[in-house]
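Chain by chain, the residues run as shown.
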Amino acid sequence: MARRVNHDFADSIRLLGYDLSSEGITLYWQALKPVSRRLTVFVHQLESGGAFVAGHDSAPARPTTSWLAGEVIADVHPISVGDHFEVGLYDPITGEGFGEPFVTAP
């Protein structure tokens, strides 16, 4: 993991960090406690002013309902994000966000 962030989502899931490559971004998640909803991950490339450029939404590598506390999940998303992007989780049925997104500084 090239970059560590330790960003918590709803006190249940931690984004430990990420790697960037020409193929996209690999996110490293850690379950802090069991999650009862299947969540979807979004990755948004942003302009320096914060405007949306491109995005990728998909279920993580394994359903969040199957993550065990302390387990680390590597999750690849095929999107080039550049230097400024955000990563978040949401419930795909309700559209409700799960915690606050992680946003890189421009």
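The structure displayed is predicted, hence computed values, not measured ones.

A. Summary view of the sheet that holds strand E4 (residues 40-46). Strand order across the open sheet formed by four strands is E5-E4-E7-E8, with antiparallel pairing between neighbours. A strand with exactly one partner marks an edge of an open sheet, and here the two such strands are strand E5 (52-58) and strand E8 (102-103).

B. Representation of the pattern of salt bridges in the model. Taken as a whole and assessed by the stated rule, the structure comprises four salt bridges. The residue Asp8 makes a salt bridge to Arg14 at a minimum N-O spacing of 2.6 Å. The partly exposed category is assigned to Asp8, whose relative accessible area is 31%. Two residues, Arg37 and Asp91, come together in a salt bridge whose shortest N-O distance is 3.4 Å. Of this pair, Arg37 sits in the loop between strand E3 (24-31) and E4 while Asp91 sits in the loop between strand E7 (85-90) and E8, placing them 54 residues apart in sequence. One continuous salt-bridge network, built from bridges that share partners, spans Arg37, Asp91 and Glu96.

C. Structural context of the packing of aromatic side chains. In the structure shown here, the tally under the stated rule is six aromatic pairs. Aromatic pair Tyr18 and Phe85: ring centres 5.2 Å apart, planes at 85 degrees, arrangement edge-to-face. Residue Tyr18 is found in strand E2 (residues 13-21), and its partner Phe85 is found in strand E7; the two are separated by 67 residues along the sequence. Look at Tyr18 and you get buried, because its relative accessible area is 8%. Three or more aromatic residues joined by ring pairs make a cluster, and in this case those are Phe9, Trp29 and Trp67.

D. Highlighting the sheet that holds strand E6 (residues 72-77). Taken in spatial order, the four strands make up an open sheet running E1-E2-E3-E6, and their pairing is antiparallel. A strand with exactly one partner marks an edge of an open sheet, and here the two such strands are strand E1 (3-9) and E6. Between one strand axis and the next, the sheet turns through 25 degrees on average, direction left out of account. For E1 and E2, the ladder comprises five bridges, and the chain directions are antiparallel. Residue pairing across strands places Arg4 opposite Gly17, the latter belonging to E2.

E. Just the nonpolar core, in detail. Judged by nonpolar contacts, the single largest core of 21 residues is most densely connected at Ile13, Leu27 and Trp29. Tallying contributions element by element places E3 first for this core, with four residues.

F. Representation of the environment of Phe9 in the model. Assignment of secondary structure puts Phe9 in strand E1. Residues Phe9 and Phe98, spaced 89 residues apart in sequence, show a C-alpha to C-alpha distance of 6.3 Å. Discounting residues that sit within four places of it in the chain, Phe9 has contacts with Leu15, Trp29, Val87, Gly88, Leu89, Phe98, Gly99, Glu100, Pro101 and Phe102.

Cut-offs applied
Residues numbered from 1 in each chain as written. Predicted model: local features only at pLDDT ≥ 70, side-chain atom pairs only at ≥ 80, totals over all residues. Heavy atoms only, no water. Pairing = 2+ DSSP bridges. Helix = DSSP H or I, 4+ residues; strand = E, 2+ residues; numbered from the N terminus. Salt bridge = Lys/Arg side-chain N within 4 Å of Asp/Glu carboxyl O. Buried < 20%, exposed > 50% of the residue type's maximum accessible area, 1.4 Å probe, protein only. Phe/Tyr/Trp six-rings, centres within 6.5 Å; stacked < 30°, edge-to-face > 60°. Axes fitted to C-alpha atoms, helices over the stretch in contact; angles between N-to-C directions. Core = buried A, V, L, I, M, F, W, Y, C linked by side-chain atoms within 4.5 Å. Contact = heavy atoms within 4.5 Å.

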